[in-house]
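# Architecture at a glance
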Amino acid sequence: MVGSAIWRALENKGYCNLIGKTSSELDLRNQQAVLDFYNQEQPEVVIDAAAKVGGILANKDFPYQFLMENMQIQNNLIDGAHKAGIEKFIFLGSSCIYPKFAAQPLKEEYLLTDSLEPTNEWYAIAKITGVKACQAIRNQYNKEYVSLMPTNLYGSFDNFDLQSSHVLPAMLRKFHEGKINNHSDVTLWGSGAPMREFLFVDDLAEAVVFGLENKLPDYLYNVGTGLDLTIKELAETIQGVVGHTGELIWDSSKPDGTPRKLMDISKMHALGWKHKINLEEGIKKTYTWFLENIKEIKEVKL
Ligand SMILES: NC(=O)c1ccc[n+]([C@@H]2O[C@H](COP(=O)([O-])OP(=O)(O)OC[C@H]3O[C@@H](n4cnc5c(N)ncnc54)[C@H](OP(=O)(O)O)[C@@H]3O)[C@@H](O)[C@H]2O)c1
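Residues numbered from 1 in each chain as written. Predicted model: local features only at pLDDT ≥ 70, side-chain atom pairs only at ≥ 80, totals over all residues. Heavy atoms only, no water.

### A word on empty space enclosed by the protein
Overall, the coordinates contain one cavity of 30 Å³ or more when judged by the stated rule. Contributing to the lining of the largest cavity are Ser95, Leu106, Thr151, Asn152, Glu197, Lys261, Leu262 and Met263. For the lining of the largest cavity, the per-class residue count stands at three nonpolar, three polar and two charged. (1 Å grid on protein atoms, 1.4 Å probe; cavity = no way out; pocket = protein on both sides within 12 Å on 5 of 7 lines; lining within 4 Å. Points joined across faces, edges and corners; volume = space filled by probe spheres on them. Nonpolar A, V, L, I, M, F, W, Y, C, P; charged D, E, K, R; others polar.)

Here it is in structure tokens:
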């Protein structure tokens, strides 16, 4: 999802010398393959949007893979780029790098001030080592290696598989299926009370291009909207966009998760980047993409 949005944003801005590889063309866990790739292509800038990603269940079942494969991917990319003499590198992490009980909104300076959320600590520790590797290269070699931490993302090419998807695409799919099933009732997990922040993936891509075109003075930046809403408000917005008129039921026997997760994005705002697409507009675009790609989604994701 993120890599393709960055690709679209770069093409829209006229960049044409883009090099991208799928995991089957270049397995980033393979150090020699990554070094050979750098030697052959000699890129000027590297944007790392590759990771082994997954939800709570996947992290619980495969802690070693989430820790090790993510460190392999980013170590090979970051160290390989440094050795190949590449001056600029953008590393993408996630808000899960911040402590579980950090104050809200989450500021960059809260990194490593307390314990992580245990359900995704393997992934988070890998991401933290990526942030630190970029910071160390930046400090020691004066190169522009920077980390961007996006909030919850959604948009084209999201994962709509109900077993493994995030909350927004899961709701969108549930309301769509309720609608085509004679507007049957839709049941959602929890109370609907927790508050979350969502950023349209094309806005994140704009932030990455902003980071590419500007010299960012610090090593770590949050990227989000700075706005949050309740899960109930999110559900009602998606229900309205999809046009589902059946009943919405909250299953409060299911867990709510952390009560609030909001990024402090004042550092990016101070530099001049701000998101452009509001939540309803982004959900409309995502639903349009979902409808246009529904066959492929079912084949690929289920
Ligand atoms: N989605 C979110 O809400 C969210 C929020 C915050 C941060 N992020 C960050 O954004 C980044 C991308 O996430 P995403 O949502 O775009 O996930 P995604 O759609 O699953 O994309 C992950 C990409 O990583 C590539 N990849 C995985 N293992 C690889 C390997 N061994 N070698 C080469 N490529 C490999 C995959 O390539 P193939 O498809 O070819 O296998 C895929 O293109 C991650 O760092 C994630 O932490 C995402």
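### A few points about the site of the ligand
Around the ligand sit 22 residues, and of these Met1, Val2, Ser23, Tyr123 and Lys127 come closest. One of the backbone nitrogen or oxygen atoms of Val2 is found 2.8 Å away from an oxygen atom of the ligand. Measuring from an oxygen atom of the ligand, one finds a side-chain N or O atom of Lys127 at 2.6 Å. Taking 900 Å² as the accessible area of the ligand by itself, protein coverage stands at 75%. Looking at side-chain class alone, the shell around the ligand contains 13 nonpolar, six polar and three charged residues. (Near = heavy atom within 4 Å. Polar contact = N/O pair within 3.5 Å; in protein donor to acceptor, adjacent residues only side chain to side chain. Areas by Shrake-Rupley, 256 points an atom, 1.4 Å probe, with all protein chains shown as cover.)

### Looking at the pattern of salt bridges
Taken as a whole, this structure holds 15 salt bridges when the rule is applied. Taking the shortest distance from any N to any O, the salt bridge between Arg29 and Asp27 comes out at 2.7 Å. Accessibility expressed as a relative area gives 31% for Asp27, which makes it partly exposed. Across the pair Arg260 and Asp228 runs a salt bridge, and its minimum N-O distance is 2.7 Å. Of the two residues, Arg260 is situated in strand S11 (residues 260-261) and Asp228 in the loop between strand S8 (220-223) and strand S9 (229-230); the sequence distance between them amounts to 32 residues. Note on Asp228: relative accessible area 19%, which makes it buried. Connected through salt bridges with shared partners, the residues Asp27, Arg29 and Glu69 form a single ionic network. (Salt bridge = Lys/Arg side-chain N within 4 Å of Asp/Glu carboxyl O. Buried < 20%, exposed > 50% of the residue type's maximum accessible area, 1.4 Å probe, protein only. Helix = DSSP H or I, 4+ residues; strand = E, 2+ residues; numbered from the N terminus.)

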